[in-house]
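Here's the letter readout for the chains.
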Amino acid sequence: MVETYGPPVITGHRIPPFEVAIKWVQNNDLAVEKLHHEADMYAGLLHPLQGYLVPICYGFFVGEVDGAQVACLVLERCKSSTKTSNDEMIQRQRAAAIGLHRMGVVHGNLLDSRGSHFLIASDGSLRIIDFTESKGHECDAISTPSVELHPVTRYSKCDELYWLHKRWALSPLDK
Ligand SMILES: [Zn+2]
C-alpha cells in the first residue's frame, strides 16, 4: 500500500512531497512482532545500507485505531523491475545479496521470493526488501579467501548464498 504525505518542514524549508511505501499490520501479535523486528534491523545492522542496498526507513509507528492494534513501517518507495534485462538483473541481485552478507546480515527469505524481494529505487539502483526473517550473520562464504576454494565449495559455507548460487548459476564471488 502506498500513500503520499504532506511535506515535512525542516529548518524553515519545506521539502517537496515524495511518495513512501507503508508496510502495516493490525490485530496480529505475531505480525506486529515481526514488523517490530524488521524496524529494529533497519535501525541496527541495516542502517548503513539504507538508500544503498535497502530502502531508507523513515520510521516505525505503533498505536491503536478503533480498538485495533496497528503497527506500520514507513519506507522509501521502490518499484518492481520491468526494464532491466534478465542477465543484468541477476548480476545486480547477486551483487546485492553478497553485499548484504558482507555487511553481516542474512535475509532469511530470499530463497522463497523468486526475485520479488529485489526492487528498484527512484534513482535506478537496486534495493532488497522485507527483513522480517533477517538476522545478524557471520558469513563464512564471504570470509573465505577467494583463491582457496571452488565457488560451489565456498558457497556451501552459507545456505542462503549457496541456494541463490544454484538458482542463478552464479560465477565466482567478486572480491
Ligand atoms: Zn552468508
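Residues numbered from 1 in each chain as written. Predicted model: local features only at pLDDT ≥ 70, side-chain atom pairs only at ≥ 80, totals over all residues.

Looking at the overall build of the protein
- Counting its regular elements, the protein contains 5 helices and 10 strands.
- Taking all 175 residues of the protein together, 24% fall into the buried category. (Helix = DSSP H or I, 4+ residues; strand = E, 2+ residues; numbered from the N terminus. Buried ≥ 20, exposed ≤ 12 C-beta atoms within 10 Å, placed from the backbone.)

Re helix α1 (residues 29-43)
- The end-to-end C-alpha separation of α1 is 21 Å, in line with the 21 Å expected for 15 residues at 1.5 Å each.
- Residues of α1 that are buried include every one of Leu35, Glu38, Ala39, Met41 and Tyr42, and no others. Relative to the axis of α1, the buried residues are bounded by an arc of 160 degrees and lie together on one face. When the buried face of α1 is taken as reference, the exposed residues oriented beyond 90 degrees from it are Asp29 and Leu30. (Expected span 1.5 Å × (residues − 1). Arc of directions from axis to C-beta.)

Considering the packing of helix α2 (residues 86-102) against helix α5 (residues 159-168)
- At a minimum axis distance of 11 Å, the contact between α2 and α5 shows a crossing angle of 175 degrees. As judged from the angle between their axes, α2 and α5 are roughly antiparallel. Within the contact between the two elements, α2 uses Ile90, Arg94, Ala97, Ile98 and His101 and α5 uses Leu161, Leu164 and Trp168.
- For the contact of α2 with α5, the per-class residue count stands at 6 nonpolar, 1 polar and 1 charged. (Axes fitted to C-alpha atoms, helices over the stretch in contact; angles between N-to-C directions. Parallel < 35°, antiparallel > 145°, perpendicular 65-115°, else oblique. Contact = placed C-beta atoms within 7 Å. Nonpolar A, V, L, I, M, F, W, Y, C, P; charged D, E, K, R; others polar.)

Details of α5
- Where α5 is concerned, the buried positions are Glu160, Leu161, Leu164 and His165. The buried residues of α5 all sit within an arc of 135 degrees when viewed along its axis, so they share a single face.

Considering the nonpolar core
- Leu46, Leu73, Ala96, Ala97, Leu100, Ile128 and Leu161 are the most contacted members of the largest nonpolar core, which has 28 residues in total.
- For this core, the elements supplying multiple residues, two or more each, are α1, β6 (68-76), α2, β7 (105-106), β9 (126-128) and α5.
- Once residues lying within four places of it in the same chain are set aside, the contact partners of Ala97 are Leu110, Leu161 and Leu164. (Core = buried A, V, L, I, M, F, W, Y, C linked by C-beta atoms within 7 Å.)

Here we look at the confidence of the model for the protein
- Of the residues in the protein, 80% have a pLDDT of 70 or more, and the chain-wide mean is 83.
- Within the model, the stretch residues 1-6 combines pLDDT values under 50 with 10 contacts to residues more than four positions away or in other chains.
- Across residues 170-175, where pLDDT falls below 50, the model places 10 contacts with residues more than four positions away in sequence or in other chains. (pLDDT = per-residue confidence, 0-100.)

So, the pairing of strand β5 (residues 57-65)
- Across 8 bridges, the pairing between β5 and β6 is antiparallel. Counted as the bridge partner of Phe60 is Leu73 from β6. (Pairing = 2+ DSSP bridges.)

Some remarks on the environment of Gln50
- With respect to the helices and strands, the residue Gln50 is situated in the loop between α1 and β5.
- As a C-alpha pair, Gln50 and Arg127 span 77 residues in sequence and 8.9 Å in three-dimensional space.

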